[in-house]
Each structure stands twice: as C-alpha cells, then as structure tokens.
Amino acid sequence: MSEENSLYNPIVMDHFLNPRNMGDLDDADGIGEVGAAACGDIMKISLKIDDNGRISDAKFKTFGCGSAIASSSMATELVKGKTIEEALQLSNKNVVDALGGLPPVKIHCSVLAEEAIKAALDDYLKRHPEMASRVAAAEAAKEKKA
Amino acid sequence: MKRNVYLDCQSSTPVLPEVYEAMLPWFKEYYGNASALHELGVRSRKALNQSRERFAAAIGAERPEDIVFTSCGTEANNLAIKGSVYALEDKGRHIVTTVAEHPSVENSIAFLEKHGFRATRVKVDRFGRVNPADVEAAIEKDTVLIATHYANHDIGTIQPVEEIGEIAERCHIQFFVDCNFSAGWLPLNVNRMKAGLVSLSPHRFYGPKGVGVLWKARRSRLISIINGGIQEENRRSGTENVPAIVGGGVAVERASAEFSARTAHVAELQSRLWNGIRSRIDCVCLNGAPLGENRHPCNLNVSAEFIEGEGQLLLCNASGIAVSSGSSCVSRNLKYSSVLSAIGLDETLAQGNLIFSVGKDNTSEEIDYVIESYAGIVERLRGMSPVWDDYRKGVIQSKISQD
C-alpha cells in the first residue's frame, strides 16, 4: 500500500496502525464513554490524574473507523502531562491539526475524541468536588481578566 | 510476507488479455466514428454490430439490433427506467420496484417521483429476497414498469426473476431486470426471464469500463434520455466507445465459453472462505441468502460484530487484501448500505460489514491467506473495542441470531 494511494495521510495511518495509549486503566480516576455503535463510533477514554490535577496517564478504547481510532490515539497523546484546566481547552481542531488533517466527512471523529476527553474529565471532577471548585474558580478568574 | 489478493471482483475486474488485444487497434488504427460513411466509419460500425451479435447470443436474444450500447451500467439502468416510463407516460405513471435496488435504479426512480411519477417499493425478506406475490399485489391500474435486479449488488441474493416475469407478462407490464451484477456469472436468458429490458456491465466480467449494455425486447417501448444524434438507432445519442464495445463483446463471448469452469471455481472459493471465516472467528454472520442456488457464487457479505467495517477494510488493505464494505464510515454520505437496512440487519452489525467478492483468478491458497489475515484483523480491532469488552464481561449480548 503506497502512501499516495492511501485514504488518510501518513500521520493518521500511523496512529491507526500503531495506536498510542490503547487499552484501559485499572485504577482510572476518570472515565468517559461517548458515541453509539449504530452511528459507527464509540470512544472510551480513561485518565489517571495526580493530586496536583495533572493527567499522568491516558488510555483509549474505540469502536470505529480508522480516523476514529487515530483521533482517540492522538487525543490521549495531547492530554498526557496536561493539567485539567489545560485538557479542558482541548478542541477537536487541535486533534485534527496534530493529525495533519482529516477528510471533511471524518471531522466528526475528532469531535467525538474531544467529547470523550471532556466526559472523562467531567467524571473525574464529579468524583473530586474540591478540584471542581478549583477549576471553576480558575475559569471565573480567567473570564474576569478577559 | 505481504501478498496482493484482489477480492473485490464485484466492483470491477481486470480485462482479459484477449480483450485488451482486441481493443488496441480501435484506438489508433481504426478510429473512425461509427456513424461516418467512409471506410473507417463503416469498419467501426461493423465492429459494433459484431459486438451486438456477441451480446445477443450470450443472453439468448434473437435480434442483435435490440442491443443498445451506453457508457456504463448506471446509464443503461437510467435509460431502461426513465426511457420506459417516459415512453409509456400515456398509459400510466406508476412503477413497482423493491427496497433493495442498486442506487442507479433506486435514484432513477426517486428522480421520477419528483417529477410526478409514483413508485411502490416491495419489501424483501431477511435474506434479501422478494416474494413475487408481493410484486403482484403492488401492481396498480396504471403501473407501467416493474424494475428489479437479478443478483443483488451488495449481498448477492438472487431474485425469482422468472416468476416476476410471468406476473409482468400476465399483467402486460414492461419488465426491466438489472443484470449488472449477474451477467457473466449466472445463467442469463432474456426469454426465460420474460424480460422486456435487461442491463449488463462488462467490466464486472473481465471486460473494460466505459461501456454498458441495454437489451430491449422488440415489443418494449423506450425513448432516448440523452438527446443528440441518431446513434444506436435513436435510442442512445452520442458517439459510441468503439474500443470498449469491442472489448466487451470479446469478454461476453469468453464468459459464455468459460461459464461452467468459472462459476464452479468461484463457488468453491466462496464456500472455502466462508467456512474458514466462521470456523476461525466468533460472532460473525453472513448477510444475504445462504450459499447455494439463491446466492451469487462470487459474493460473500459478512458482518463481524463489535467492530466497524472501515478499520477492517484498511487493515485488509495493509495486508494486501482488496475488499469493500457497506459500513457508513466507508461511504461518503455516512449512511450504511440501504440493502443491509432493507434486510433488517441490526445497525451495529451493518457497521461491521465487509464484502469479499472472489473472481476466476483467485486461488484456494489466496483464500487461506485471507482467512488467516482476516482472523488476525478482527482480533486486533476487537482488542481495541470497548464494545467487545462489554460482550466479554457479559454486559451486552451478541445480536447474531443462532439459527
């Protein structure tokens, strides 16, 4: 299979064929699962978050097409090492850009990856109200500044 | 070791060496327009007529002049449907078809519905087969056309066209049979089908792309839907693609001559592939009719549960295996195959769809390689799938019926 005859660009193909962070975290601090099999995509993201609110590990499991698997792989790479506040800023566009672009009909895969990350963070924040207030306070301060 | 195994023969096939050779002189030496009156023109016209004879002979048609050449199978289907109902407009405005047609049939009819015609789409059973009694029940006073297919493009199910043809004949309704996916692979006789119109697609039986064929019974009414000159006896304007028509003629002759050997070979490979897949992989189902007399011998349409089709297709491709999928992620409109929904297949199984279609040049050794590779691909994708985990933990059940 030559690169120029491939449906996806080499970065997307690399993340599909050699996905990063595939799997589950047994002691995950936050888990998010979004999508529906009937629509062709389900993404599950598991996060390990340390006491300082930093993402120390991220894993994914995905039922979906090549770009869904590549988007989950890239999204987990992008949030690893980030704080909750930073990770909440992750947009689908960040995922698309990091992948070097997706075909227009596949953009929804990156949206799903963003939603899965946010769902995992929400799950964590529900379990950690103290961190939720910290994040909310930081958000409020940022808005005031703006 | 990476191989190259082509299992997408229902999408297209390579041209036979003798087809290629036969086409060559018509590009550079004999380039005359078949409508021209000079020597080169007459030579081209004779070549077209020889092809007409070959196609007529292959489908049991008496009159070669009833063969019309188009640019492709889709155009032949458009011409058959639109050309019939416009020609028969004075008699009525209703069409009977099925819910499992190729887009070139379905969308032609949908177009006509926007222009004042009406259609009834007869249901199919879970194998994709139409009940002729349902066709008869759908006929209205002003029905002018019954349009369906012989073998399904997606799931390979063979329709009871002869029985439908009898109904059409009894009710004096023009009967069109889309044979684009069956010509060359199934016994095809226009008289036994009692058909009024039949379409063929040579690139699906080792002929070239760029030519479609429509046979029209003498009694059938048809008007041209492409306006222009008087080519094809006024039934299809536009300069004929002589090289492709010549190549198609050779291909159809070879298909008839090798018919028994080819069909026996592909049926054996089809069965080897399905038996291999189902013995190696859990939670996989066959879509369409069971292997045998009601199924196209090339087609194997399967769904692997808990994973999606595009990933399967890409990993097959990475292993050098060319296949198709009816999953929504593979289509450009993000809808899964309408045939899979017509047979009532569960949506998640439709998403896990993969279509293997074998051809005369595949070998059993290739099939064994595909079985081995495909089992690994399914395992790999299931290893990434949260739904597979849910199934393994007993959270969800398999949707594949065990009967």
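Keep in mind that what you see is a predicted model, and the values were worked out from it rather than measured.

How each quantity is defined
Residues numbered from 1 in each chain as written. Chains lettered and ligands numbered in written order. Predicted model: local features only at pLDDT ≥ 70, side-chain atom pairs only at ≥ 80, totals over all residues. Heavy atoms only, no water. Pairing = 2+ DSSP bridges. Helix = DSSP H or I, 4+ residues; strand = E, 2+ residues; numbered from the N terminus. Axes fitted to C-alpha atoms, helices over the stretch in contact; angles between N-to-C directions. Contact = heavy atoms within 4.5 Å. Phe/Tyr/Trp six-rings, centres within 6.5 Å; stacked < 30°, edge-to-face > 60°. Buried < 20%, exposed > 50% of the residue type's maximum accessible area, 1.4 Å probe, protein only. Salt bridge = Lys/Arg side-chain N within 4 Å of Asp/Glu carboxyl O. Buried area = accessible area lost by both parts, 1.4 Å probe. Polar contact = N/O pair within 3.5 Å; in protein donor to acceptor, adjacent residues only side chain to side chain. Nonpolar A, V, L, I, M, F, W, Y, C, P; charged D, E, K, R; others polar.

Engineer: Can you walk me through the sheet that holds strand 3 (residues 55–63) of chain A in this structure?
Structural biologist: Each strand in a sheet pairs with another by means of backbone hydrogen bonds, the pair being arranged parallel or else antiparallel. Residue and element names in this part refer to chain A. Judged by pairing direction, the sheet is antiparallel, and its 3 strands sit side by side in the order 1-2-3 without closing on themselves. Strand pairing shows two members of the sheet lacking a second neighbour, strand 1 (30–36) and strand 3, which therefore form its edges. Across the sheet, the mean angle from the axis of one strand to that of its neighbour is 10 degrees, orientation sign disregarded. Two strands pair when backbone bridges link them, and strand 1 and strand 2 (residues 41–49) are joined in this way by 7 bridges, in the antiparallel orientation. Pairing of glycine 30 across the sheet is with leucine 47, part of strand 2. Sheet contacts for helix 2 (residues 66–79): strand 2 and strand 3; angle to strand 3, the most-contacted strand, approximately 175 degrees.

Engineer: Quick question: what am I supposed to make of the packing of aromatic side chains here?
Structural biologist: Aromatic ring pairs: the centre-centre distance and the angle between the two ring planes describe each pair. All names here are of chain B. Here the structure, examined in full by the defined rule, presents 8 aromatic pairs over all chains. Measuring from centroid to centroid gives 5.3 Å for phenylalanine 356 and tyrosine 374, while their planes differ by 85 degrees, and the two rings are edge-to-face. Of the two residues, phenylalanine 356 is situated in strand 12 (residues 353–357) and tyrosine 374 in helix 13 (residues 364–384); the sequence distance between them amounts to 18 residues. A relative accessible area of 0% places phenylalanine 356 in the buried class. Assessed through its relative accessible area of 0%, tyrosine 374 is described here as buried.

Engineer: Would you mind going over the pattern of salt bridges with me for this structure?
Structural biologist: When charged atoms on two side chains of opposite charge get close, those side chains can pair. As enumerated under the stated definition, the model contains 33 salt bridges over all chains in all. Between Asp29(A) and Lys48(A) there is a salt bridge, with the nearest N and O atoms lying 3.2 Å from each other. Separated by 19 residues along the polypeptide, Asp29(A) in the loop between helix 1 (10–17) and strand 1 and Lys48(A) in strand 2 bring together distant segments of the chain. Classification of Asp29(A) by relative accessible area gives buried; the value is 14%. The network of salt bridges with common partners includes Asp24(A), Lys44(A), Lys61(A) and Asp389(B).

Engineer: Sorry if this is basic, but what is going on with the interface of chain A and chain B here?
Structural biologist: One widely used convention gives an interface's size as the accessible area the parts lose upon coming together. Across the contact, 26 residues belong to chain A and 25 residues belong to chain B. Here chain A meets chain B over a buried area of about 2100 Å², counting both sides, of which 65% is carbon and sulfur. Along the contact surface separating chain A from chain B lie 2 salt bridges. The partner of Lys106(A) in a salt bridge is Glu310(B), with the nearest N and O atoms 2.7 Å apart. There are 8 residue pairs in polar contact (both at pLDDT 80 or more) connecting chain A and chain B. Secondary-structure elements contributing two or more residues to the side of chain A that touches chain B are helix 1, strand 2, strand 3 and helix 2 of chain A. Here the side of chain A that touches chain B is composed, by residue class, of 15 nonpolar, 6 polar and 5 charged.

Engineer: How do you make sense of the sheet that holds strand 3 (residues 94–98) of chain B when you look at a structure like this?
Structural biologist: Residue and element names in this part refer to chain B. Strand order in the open sheet made by the 7 strands is 2-8-7-6-5-3-4, with mixed pairing throughout. At either margin of the open sheet sits one strand with a lone partner, and together these are strand 2 (67–70) and strand 4 (118–122). For this sheet, the mean inter-axis angle between neighbouring strands, taken without regard to orientation, is 20 degrees. Bridging between strand 6 (residues 174–178) and strand 7 (residues 197–200) involves 3 bridges; their strand directions are parallel. Among the inter-strand pairings, phenylalanine 176 is bridged to a residue of strand 7, identified as leucine 197. Here helix 7 (residues 161–170) sits on the sheet and contacts strand 5 (143–149) and strand 6; the angle it forms with strand 6, its principal contact strand, is near 160 degrees.

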